[in-house]
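# Structural description and commentary
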Amino acid sequence: QLQLVESGGGLVQPGGSLRLSCAASGFTLDYYAIGWFRQAPGKEREGVSCITSSGGRTNYADSVKGRFTISRDYAKNTVYLQMNSLKPEDTAVYYCAAPSLSSSYCPFPLTRAQWGQGTQVTVSS
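Residues numbered from 1 in each chain as written. Predicted model: local features only at pLDDT ≥ 70, side-chain atom pairs only at ≥ 80, totals over all residues. Heavy atoms only, no water.

### Observations concerning the sheet that holds strand E3 (residues 18-25)
- Pairing is antiparallel in the open sheet, where four strands are placed in the order E1-E3-E8-E7. For this open sheet the edge positions go to strand E1 (3-7) and strand E7 (68-73), each flanked by a neighbour on one side alone. Pairs of neighbouring strands in the sheet enclose a mean axial angle of 15°, with direction left out of account.
- With six bridges joining them, E3 and strand E8 (residues 78-83) adopt antiparallel strand pairing. When the sheet's bridge partners are listed, Ala23 is paired in E8 with Thr78. (Pairing = 2+ DSSP bridges. Helix = DSSP H or I, 4+ residues; strand = E, 2+ residues; numbered from the N terminus. Axes fitted to C-alpha atoms, helices over the stretch in contact; angles between N-to-C directions.)

### Regarding the state of the cysteines
- According to the stated counting rule, one finds two disulfides in the structure shown.
- For Cys22, the disulfide goes to Cys96, at an S-S distance of 2.0 Å. Measuring handedness by torsion sign, the sulfur bridge of Cys22 and Cys96 sits at about 75° and is right-handed. Taken together, the positions of Cys22 in strand E3 and Cys96 in strand E9 (residues 92-98) put the pair 74 residues apart, joining distant regions of the chain. Each of the two residues, Cys22 as well as Cys96, counts as buried.
- Between the sulfur atoms of Cys50 and its disulfide partner Cys106 the distance amounts to 2.0 Å. Negative torsions about the S-S bond denote left-handed disulfides, and the value of about -80° found for Cys50 with Cys106 makes this one left-handed. Highlighted residues: Cys50 in strand E5 (residues 46-51) and Cys106 in the loop between E9 and strand E10 (114-115), separated in sequence by 56 residues. There is no split in this pair, since Cys50 and Cys106 are both buried.
- Ordering the disulfide-forming cysteines of the protein by sequence position, one finds them joined as 1-3, 2-4. (Disulfide = S-S within 2.5 Å. Buried < 20%, exposed > 50% of the residue type's maximum accessible area, 1.4 Å probe, protein only.)

### What to know about the pairing of E1
- Burial along E1 is one-sided: Leu4 and Glu6 are buried, while Gln3, Val5 and Ser7, pointing the other way, are not.
- Pairing analysis gives five bridges linking E1 to E3, with the strands arranged antiparallel. By the bridge assignment for E3, Val5 is matched with Ala23.

### Considering the nonpolar core
- Of all hydrophobic cores here, the largest spans 28 residues; its most connected members are Trp36, Leu81, Met83 and Tyr94.
- Contributing elements (two or more residues each) for this core: E3, strand E4 (34-39), E5, E7, E8, E9 and strand E11 (119-123).
- Excluding residues that lie within four positions of it along the chain, Tyr94 makes contacts with Glu6, Leu20, Trp36, Phe37, Arg38, Val48, Phe68, Leu81, Met83, Gly118, Thr119 and Val121. (Core = buried A, V, L, I, M, F, W, Y, C linked by side-chain atoms within 4.5 Å. Contact = heavy atoms within 4.5 Å.)

### Regarding the environment of Pro41
- As for its position among the elements, Pro41 is in the loop between E4 and E5.
- Under the relative-accessibility criterion, Pro41 is labelled exposed at 75%.
- Separated by 51 residues in sequence, Pro41 and Ala92 have C-alpha atoms that sit 7.2 Å apart.

### Topic: the environment of Phe27
- Tracing the chain through its elements places Phe27 in the loop between E3 and E4.
- Taking the C-alpha atoms as reference points, Phe27 and Asn77, separated by 50 residues in sequence, lie 8.8 Å from one another.
- When residues no more than four places from it in sequence are discounted, the contact partners of Phe27 are Leu2, Gln3, Leu4, Tyr32 and Asn77.

Below, the structure written as structure tokens:
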């Protein structure tokens, strides 16, 4: 019953925008910090962004800083990743994750974290 579902990925041209959603079912995200991660073919998974449970603080990888924005909507039990000025290097499967224990802060341990199934983002002309 505990599940995270990502959506919003797709094919976009360089310079374009996408908004990814991470929706929870079976539990509330109110008490959790939430992270976005991505993995490109042949590369290790990397952290993209993280938002605290209160939404008061956000973290970004240097590679996306100034282009991506993480936010959350408590009423919709959803965390978003707005991606602007997309580059081919952003092509990857994007995942959201919640810590195994209720944790308010970023970063958080990934041991036994709850993961979504991922959504494909492809940036190409």
